[in-house]
Structure formats: structure tokens, C-alpha cells
Amino acid sequence: MPNLQPVDGPVAVDVGGTTVVNQGLQGVARLPATTRDFLGDSLGSFSSLAVDLSTWRRSGDTYTGTLYTLPDRGYNNPDGGLFSDYTGRLNRFTLSFTPYTGSAALPQATASQRQITLTPDGGIVLTDARGQRFSGLDPAAGTTTQLGAVLPSAATGPSAGRISLDAEGLARRLDGSFYISDEYGPNIYYFSREGRLQGLIGIPAALQPVTNGQLNFNSVNPPDTGRRNNQGLEALALTPDGRGLVAILQSATLQDSGPNQQQRTNTRILYYDVSGTPTPGAPSREYVLQLPAYQQNGNGTASNRTAAQSEMLALNDTQFLVLSRDSNGLGTGNTTPIVYKSVLFVDTAGATNIAGTAYDGTTPIAPNGTLRPGLTPVQTREVVNMLNPVQLNRFGMNLNTNPASQTTLPEKIEAMGLVPVLSERAPNDYFLLVGNDNDFLTRQGVINGQTYDAGINNDNILLAYRLTLPTYVDPLSLAVMKATAPTVLQGLGAGALSLAASATRSVQDHLSALRRSAGLPGQGAWGTSGPALWVGGDFVFADQPRNGGLSLDRTIAQGSAGIDLPLTGPWRAGLAVGGGGGSLSRPQGFRQDQSAFTVAAYGGYYGPTFYAQGIVGGAPIIDLSGIRRPAAYGLTADAKTSATALSLDGEAGLILDRDAFRLMPFVGLSHLSARVSGFTETGAAGNNVAYGGLTVLQTTARFGAELAYTGFGGIVPSVRVAYNLGLGPQQSAGLFRLASVQNPMAVATSAIPFLKSDFVTAGVGLQGSLTENLGWRVDYQAAIGTRAGVAHGVTAGLRYQF
């Protein structure tokens, strides 16, 4: 019987513990059958489609984007021997969509299908490796050889030597290059973004049409083994990470089926690993997909047809949406009822992988249509039933075939695409775009300047369903996350390390000022060693040495207050507390704000010719807020988190006095560590990223010297130069995932670099006394040799000597 679902509302389906929800039909587009494409031919709608995800945007309740659609081989009638010398192409449209939220049914009229508008916007002409256009002509027994492969080609006529293409599947990469599958071969072709053929995928012998031991690509006379005529690689999809290319044969091969049409159910899913090469020679995984069977007349008797599949989408690496349909509806010219048009959820987990076995030859997987024992097919479950008269009626459409009307659901539903709803409240919701192949059926047709009358106007239809897909990994969201999340973690780790360093930097500068004048007469507050109070502050911008070359503009301002305590003899100690903060920003919209409370304790030996000191400090409370990341689809993700940090610093050197010069060669070691707490973004819908905690470590050795001149009385200029050697580790491991997605493919790890190379620091200072008890200092330091330029810092301080 017709597989009807007269439900007005969401339909939830459990698929392996995950709930997929069909929220229902949201809108429809209609392009008249008389529409012409960018080459002036009748528009052949949608054997497949692909949205350029980089263009998809939401403004209020309206969505816009660029849509690519794939026509097949032009107007044809194989039974009558009619074929078109049709140029292969992609048609491009600007799409605008405002979902219909009303409850009232729209009139049964073509004007009711206007929630989606498609505006023609050019296209791409397909050319082969020789620069020739493809042809839609049936190749008969003809062939041509390109790129080392034997391909279908008409043997005679003006298109001899051109590759014959019956295009059915389209899979578009994020870089604009794309794959097209065809039925003649069946083949899978790889094209540049401009449409130039780059290579071919290897097809198992089991699918290749062989007649009398020879390849024969015609679509009229059936082969002995291999794909059925006009039942080639109908479906094609890239996995969201771009590493897998998946294709499905429309129905079973001849050797995998019996003489009856309902025995064609055991078809094949081919998975190719395209991570190393875009054109692998064989599938790495291959599974059996059992398609539904149905009764052509919908009269409740035994099944006599196979609901062939017409399109697929990859949700992740193992789960797919597959469109399975009957051959009834507008465009057939008959009155048989529409029986079955559904989108299936397919899961390959647990299925038998037959790739590389004898089944890739002519050994059948299903003799006479019965699957061999020991072969486990993929799991399937219906998630979208398109035969919903209630929802179709709301948009002015119907399932009537006796007689059919212009608003009857078309026969050949063959194209699918997924685009995000971009809702913060429903991050796993997507619009499933479903289109028909109208077979170029129009009363006012034209191809290559030749007019024709197909006897019927079969319009181009695009339907939009809203689905909740918890395991779908959106390709653009995944790619943007992998590109931007490491930058976020790098900024947070670098910011935490910078605040850790600020806990000891003021102490280092203060102790350096003391050493320049200690024990010398006329140096005021800097020349004595009694108890004292001091304050200091520093301002650092473009703090590149700690960020691994990240191109950014960071500012950190920090202040400290401390107390110097003399101990026995040349021993001294002290305590300091402080706080500060800053910001990080870079082009494309990255930003973070940071602030911290810092503490430090220090002590050491300061003799007349030698010194050694140690500082223990840190930032027990670091607030990381205002975190912004440019997400996919023009959205911006926001977040905040916290961190803690530790700073250890040791330095030892000589004190060499000669006349008014004091030279202090030194060696030092600095260790910084920080722990950034895990957090989850908001504001970017399905783009939001959840970050695991990040631990960062950085150890640096320094070798240098400081020179001070005390001959100006109370004013002491100084110069300090050091070579800083990164001892490691110079990177950390970051873990992050798309927050709302329930699939391992949504998880990624990345090396987060920090100190990328050694660098030199050079600085100058000036200090003096305002009174006998109150001293001042100002220092400037630059870090030279970093990957992104020079980092600068200015510090200043006061010391009050009791």
C-alpha cells in the first residue's frame, strides 16, 4: 500500500540510541519547466545539488546562500533511441529561504511554492583532461582513453572522442573542487573548481558493465554483469572531514539480483579514502545496503519493484542519509499512485566490509537476489517520509496521480543537501533540501538551439525539511573549528604564561636596580640594604616571545608592591603582591581579555662580587573573559574561563667593578606553567566549541650581561643584553570538539605552540633618587628575533628605604 504518513507535527525516530526528529516541511521552491540555464538550454533540474556552505547566512528569519545543481544527460528517451549531445555542467543559483510558520494550508497552486526563491547565477562548464566538453550522448560500444582509463565515448559523429556523461551525483569540497558520479561508466570524476577534469576514482570490476567479456557502456542493451542500465553510481557524498568519499549504486548489479525487479534490493556502498590522494584506485570499505521493495500499483499485493536509491549525504564517517524512492508521480504520464519516497538513516556499524574480496569481481553477493549467509548488511531506518499529504497540502501540493496536476509531487526525487538552521536553542537542527530531476520535460524545450516539446511541463521543485540530527558533523563548522580553535587555545595559554611571567618580572627589575647601586656611595635609596617598601609596574605590548609567533596585538599592564627584608650578612628576602591584565586581539575577530592577582616571594645572596637569587611567584587567580572566535557562517563565538599559573626564576652572576663601571655577567633559568580550565562557547549555534583543559609549560635559559655606569652621581644608566634559549616544551596538546555533536568525528586535537624559537632581549635603564630615602627607576626592554617582530616592554618603580 502507499507508505503514507498523514502527521501534522514532528516525528521522532530512534536510530541506535540517538533520536532523529523530522520537524516537517518548512518551505518549497518552484522553477517553471520553461526556465533556461546559463548556456541557454532548458534547465535540467536536480540530479544532485550542493550548497556552497561558505556563503550560507541567516538574517532574522531569512537564509541566503549559493546553490550548485547538477543536471544529467539532457532530454532523452532511451526506449525511443533519443539522446542529446548535452554539455555537462553545474548550474549556480542564489538561494533565499524564509520558512513558512503559518498553520493554514496554502492554495493548491504553483504560486504557493515561494518560500524558497532560486535566482540563476551562471554556472560551470565541465571539460575533460584535453579541454573538451563532455557529451550526454549514449556511447553505444564506443570508448576513449584519458588519464589511463577506458571511458565511454560515442564512436562516431561530431562528439566522437568526447567523454559521454550521465551525471547523477555531486560532492563538493570546501575548496570548490568537486566530484561527479555518472551512470554510463559507472565512474567517479574529480574536477578542479573551474570544472577541468583532474582524475578518476577506481571502480571495482563487479560494477563495470561487461558484455561478451568486453566493457560496453551503452544504456540501452543490458550487459552480462555489472551495473544495470541507468542504475549506476546515483549517489555521492564526502564525509564531513573531507577524508572519505562515499558512493552508492542505484540498485543491485546484475549478478547480485534475480530476474524480478523486487530482487534488486542488495546494492553496494563504496567508501574511498581520499585523504592521501583525491583519486584512489579502489575502495577501502564496501558494504551491502538492502533497499526497500514495494508494489508498483499500491494495491496491497506482494512487492514487485525495488525502491532504488537516488541520493545520499554523509552525516559522519559511518552514518548517512539515503534517499530511496519509487518511480511514480508527476512526470511518468501514468496514473499509478505514489507509493514510496523516503529518506533513510543508514549506519554501517557492524556491517560486513567486502572491499578487496572476491565480491569485487563477478562473485555475487546475492545470487538470485538473496544475500549470502555471513554477510551483514548496513542498518536502515526511515527518518523522513515525503508522502505526508497534510504537510504537502499546507504548501499547496498533493499526491494525486489520477489525474496528476502541476502541484503533484514529482516522480524523480533525486537531490539532497544539508544546511544549518543556525539556532542557538537548536544547534543540531538542519534544513534538508530535497530536489527533483524533471528530466528536461517541458513543452517549450531547447537544447543546443534545437527546440522540442516533451508533452508536459514538469517544474523544478526544491523542498526544505527541518531535521534534528545529533550525530551530524557539519563540514564547515568542523573545518573552521580545526582552523580557529588552536588559535584560541594558543592565545589563552600565552596569556596565562604572560601573567605568570608578570608575577616575577617586577621583582626581577627591582632586584636588578638594587644590584646596580648596592654598596656604592651617593646612591641614595638604591645604595643601602635596610628594610624597604617598593612599588613597580610594567607595560608590555606585542608580547611575541611567549605566543609562538601568533600574529596579534597583546597588551599587559601589571603592578606590584613589595617589601625588602635584610637577613644575616649578604642575604636578603622579600614578598610582593600585585595584579594586572590586558587584552589580545588579531585580525578576523579573535580577542580575549585577561586579568590576574599575582604573588611572589624572593630571596638570595648578594655579596660584593657574586650574587644568586630565586623567585617563586604566580597567579592563583586568572580571569580569561571576552573570548571571541570567528566561527562559521558569519557567526562569532563567545566564552570565558579561568586559569592558574606558576612562575619560577633563578639567576646568578658576578659583580665586577672597575672605576665607575659595574659589569654583571649572569646566567638564569625561568620556568612558567599554567593550567587553563575547560569551557564551552556560546553564540555560534552548532559552531560552538567545547574546549578541554589546557596545560602549558615553558622553560627558558638566559645568558647575558648587565653594565651600569655610576659616574654621574645619583643618576645611573644601564644596559642589559641576554640570549634566551628555549629548553622546552615548546608546545602543548589541545583538545576541542563541536559542543552539541554526538560523534567522535566532531572531536579534534592539535599541537598548541608557544615559544617557537630562541630570541635576544636587550634593554636600557635609568635610575636615581628623589631623596635620600626614595629612589626611582625606569627600564625599557625589547625582545628581538621573534617570528613576528619585536616585543616591547616598559617598567618603572619606586623604593622607599627606611
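What counts and what doesn't
Starting from 1, residues in each chain are numbered consecutively following that chain's sequence as written. Per-residue local features are limited, in this predicted model, to residues with pLDDT of at least 70; the limit for side-chain atom pairs, both in listing and counting, is 80 or more; totals at the level of whole chains, interfaces and linings are taken over all residues. Note that the side-chain values use all heavy atoms of the structure and ignore hydrogens as well as water. Helix numbers and strand numbers start at the N terminus; a helix is a DSSP run of H or I with at least 4 residues, a strand a run of E with at least 2. For the radius of gyration, the atom set is restricted to C-alpha positions; the globular benchmark scales as 2.2 Å times the number of residues to the power 0.38. Only heavy atoms matter for contacts: two residues are in contact if any of them lie within 4.5 Å across the pair. Here the open area of atoms and residues is found with the Shrake-Rupley method and a 1.4 Å probe, where only the protein chains shown may cover a residue. Two residue types count as positive, namely Lys and Arg, and two as negative, namely Asp and Glu; His and chain ends fall outside the count. Where a charge lies is defined by one atom per residue type, namely NZ (Lys), CZ (Arg), CG (Asp) and CD (Glu). Method remark: on a 1 Å grid restricted to protein atoms, a set of points is classed as a cavity if a 1.4 Å probe fits but cannot get out and as a pocket if it is open with protein on both sides within 12 Å along at least five of seven lines; lining residues have an atom within 4 Å of a point. Grid points are joined across faces, edges and corners, and a volume is the space filled by probe spheres set on the points. Residue polarity follows a fixed list, in which Ala, Val, Leu, Ile, Met, Phe, Trp, Tyr, Cys and Pro are nonpolar, Asp, Glu, Lys and Arg are charged, and the others, Gly among them, are polar. Here the limits of each domain have been adopted from an automatic or database domain assignment. Exposure classes here rest on a 1.4 Å probe applied to the protein chains alone. A residue is buried below 20% of its type maximum, exposed above 50%, and partly exposed in between. For salt bridges, the criterion is a side-chain nitrogen of Lys or Arg within 4 Å of an Asp or Glu carboxyl oxygen. For the purposes of these results, a polar contact is taken to be a pair of N or O atoms within 3.5 Å, where, inside protein, one atom must be able to donate a hydrogen and its partner to accept one; residues adjacent in sequence count only when each atom of the pair is a side-chain atom. Whether two strands pair comes down to DSSP finding at least two bridges between them. What makes a nonpolar core is a set of buried Ala, Val, Leu, Ile, Met, Phe, Trp, Tyr and Cys residues whose side-chain atoms join them at distances within 4.5 Å. Any two rings among Phe, Tyr and Trp, with Trp reduced to its six-membered ring, count as a pair given centres within 6.5 Å; such a pair is stacked if its planes are under 30 degrees apart, edge-to-face if over 60, and tilted if neither. The axes are straight lines fitted to the C-alpha atoms, using for helices just the contacting stretch, and the angles between their N-to-C directions are given from 0 to 180°. Throughout, the accessible surface (probe 1.4 Å) given up by two parts as they are put together, summed over both, is called the buried area.

Visitor: Tell me about the overall build of the chain, and please be specific about residues and values.
Guide: Looking only at helices and strands, the chain features two helices and 46 strands. Radius of gyration (C-alpha) of the chain: 36 Å, far over the 28 Å computed for a compact globule of 802 residues. Projected onto its principal axes, the C-alpha positions of the chain cover 110 × 60 × 55 Å. Within the chain, contacts between residues at least 6 apart in sequence are counted, and of these 67% link residues at least 24 apart. Per element, the accessible surface of the chain, about 28,300 Å² overall, is 54% carbon and sulfur. Averaging the locations of the 53 positively and 56 negatively charged side chains of the chain gives two centres separated by 4 Å.

Visitor: Could you give an account of the layout of surface pockets, naming the residues involved and the relevant values?
Guide: Of the volumes computed, that of the largest pocket is approximately 1,300 Å³. For the largest pocket, the lining is made up of 45 residues, of which Asn-230, Gln-231, Ser-327, Glu-411 and Lys-412 are closest to its centre. Taken together, the residues of the lining of the largest pocket sort by class into 12 nonpolar, 16 polar and 17 charged. There is about 630 Å³ of room inside the second largest pocket. If you trace the second largest pocket, you find 30 residues lining it, with Leu-53, Arg-172, Leu-174, Leu-238 and Pro-475 closest to the centre. Those elements giving two or more residues to the lining of the second largest pocket turn out to be strand S3 (48–59), strand S9 (167–172), strand S15 (233–238), strand S21 (309–314), strand S25 (413–420) and helix H2 (475–517). Sort the elements by how many residues they give to the lining of the second largest pocket and S3 lands first, with five residues. Within the lining of the second largest pocket, the residues separate by chemical class into 20 nonpolar, four polar and six charged. The residues that make up the lining of the second largest pocket include at least three from each of domain 1 (11–15 + 37–472) and domain 2 (478–801).

Visitor: Before we move on, can you summarise the side chain of Asp-138 with the specific residues and values?
Guide: Checked against the element boundaries, Asp-138 lands in the loop between strand S6 (116–125) and strand S7 (143–146). The buried charged residue Asp-138 lacks any salt bridge partner; its closest oppositely charged side chain belongs to Arg-73, at an N-O distance of 4.5 Å. There is a polar contact of 2.4 Å between the side chain of Asp-138 and the side chain of Ser-219. Asp-138 has contacts with Phe-83, Ala-154, Ser-164, Tyr-184, Asn-218, Ser-219 and Val-220, leaving out every residue within four places of it along the chain.

Visitor: Give me the lowdown on the pairing of strand S33 (residues 590–606), citing residues and values where you can.
Guide: Here 16 bridges tie strand S32 (residues 571–586) to S33, and the two strands are oriented antiparallel to one another. Opposite Gly-579, over in S33, you have Phe-597 as the bridge partner. With antiparallel pairing between neighbouring strands as the criterion, S32 and S33 make up a hairpin whose turn holds three residues, including Gln-588 at a positive phi of roughly 75 degrees. Bridge analysis of S33 against strand S34 (residues 610–630) gives 14 bridges, and the strand direction is antiparallel. Counted as the bridge partner of Tyr-606 is Tyr-611 from S34.

Visitor: Can you lay out the pattern of salt bridges for me, pointing to particular residues and giving the numbers?
Guide: Scanning the entire structure with this criterion turns up 33 salt bridges. Across the salt bridge formed by Arg-777 and Asp-779, the nearest N and O atoms sit 3.6 Å from each other. For Asp-779, a relative accessible area of 9% puts it in the buried group. By sharing partners, the salt bridges in this structure join Arg-515, Arg-516, Asp-649, Glu-651, Arg-702, Glu-706, Arg-720, Arg-777 and Asp-779 into a single network.

Visitor: Tell me what's going on with the nonpolar core, and back it up with residues and numbers.
Guide: Membership of the largest hydrophobic core comes to 39 residues, with the highest contact counts inside it found for Met-481, Ile-622, Tyr-691, Phe-736 and Leu-738. A total of 12 residues in this core trace back to one element, the largest contributor, which is H2. Discounting residues that sit within four places of it in the chain, Ile-622 has contacts with Ala-496, Leu-499, Ser-595, Ala-596, Thr-641, Ser-642, Ala-643, Thr-644 and Ala-645. Val-28, Met-386, Phe-395 and Met-416 belong to the second-largest nonpolar core, a separate cluster that totals 34 residues.

Visitor: Run through the packing of aromatic side chains, naming residues and quoting values.
Guide: A complete count under the given rule lists 21 aromatic pairs for this structure. Where Phe-661 meets Tyr-709, the ring centres are 4.8 Å apart and the plane angle is 50 degrees; that geometry is what we call tilted. Here Phe-661, found in strand S37 (residues 661–676), pairs with Tyr-709, found in strand S40 (residues 694–709); they are 48 residues apart in sequence, far enough to count as distant. With relative accessibility at 42%, the residue Phe-661 sits in the partly exposed group. Judged by its relative accessible area of 25%, Tyr-709 falls in the partly exposed class. With a centroid separation of 5.4 Å and an interplanar angle of 85 degrees, the aromatic rings of Tyr-800 and Phe-802 are classed as edge-to-face. When its relative accessible area of 58% is taken as the criterion, Phe-802 is described as exposed.

Visitor: Outline the sheet that holds S6, listing residues and values.
Guide: Spatial strand order, S3-S4-S5-S6: four strands in an open sheet with antiparallel pairing. Of all the strands in the sheet, just S3 and S6 have a single pairing partner and so form its edges. Going from strand to strand, the sheet's axes swing by 20 degrees on average, the running direction of each strand aside. Pairing between strand S5 (residues 89–97) and S6: eight bridges, direction antiparallel. Among the inter-strand pairings, Ser-96 is bridged to a residue of S6, identified as Thr-117.

Visitor: Please give an account of unusual backbone geometry that cites residues and values.
Guide: Trans peptide bonds make up the majority, and among non-glycine residues the majority have a negative phi. Cis geometry is found at the peptide bond from Gly-185 to Pro-186, where omega equals -5 degrees. Along the chain, Pro-186 turns up in the loop between strand S10 (178–182) and strand S11 (187–191). In this structure, the amide linkage connecting Asn-402 to the following residue, Pro-403, adopts the cis form with an omega of 0 degrees. Along the chain, Pro-403 falls in the loop between helix H1 (389–394) and S25. With a phi close to 55 degrees, Asn-212 is a non-glycine residue in the positive phi region. With respect to the helices and strands, Asn-212 occurs in the loop between strand S13 (210–211) and strand S14 (214–215). In this model, Asp-659 sits at a positive phi of 55 degrees, which is unusual for a non-glycine residue. Turning to its location among the elements, Asp-659 is positioned in the loop between strand S36 (656–658) and S37.

Visitor: An account of the environment of Ala-652 is needed here, citing residue identities and associated values.
Guide: Within the secondary structure layout, Ala-652 lies in strand S35 (residues 636–654). On a C-alpha basis, the gap between Ala-652 and Asp-37 in space is 78 Å, while along the polypeptide they are 615 residues apart. With residues up to four places along the chain from it excluded, the contact list for Ala-652 reads Phe-610, Tyr-611, Ala-612, Pro-665, Phe-666 and Val-667.

Visitor: Hey, could you go over the sheet that holds S10 for me, with residue numbers and the actual values?
Guide: Spatial strand order, S9-S10-S11-S12: four strands in an open sheet with antiparallel pairing. Two strands lie at the open edges of the sheet, namely S9 and strand S12 (197–200), each paired on one side alone. Strand-to-strand twist across the sheet, computed as the mean angle between neighbouring axes with direction ignored, equals 25 degrees. Note: S9 against S10, five bridges, orientation antiparallel. The partner of Ala-171 across the bridge, within S10, is Tyr-179.

Visitor: Explain the domain arrangement of the chain to me, and be specific about the residues and the numbers.
Guide: For the chain, the assigned domains are domain 1 (11–15 + 37–472) and domain 2 (478–801). When each unit is reduced to the centre of its C-alpha atoms, the spacing between domain 1 and domain 2 is 59 Å. Of the residues lining the interface, 18 residues belong to domain 1; the matching set on domain 2 comes to 18 residues. Counting each side, the surface lost to burial between domain 1 and domain 2 is near 1,300 Å², with a carbon and sulfur contribution of 62%. There are zero salt bridges connecting domain 1 and domain 2. For the interface between domain 1 and domain 2, the tally reads six residue pairs in polar contact (both at pLDDT 80 or more). It is S3 that provides the largest number of residues to the side of domain 1 that touches domain 2, a total of three residues.

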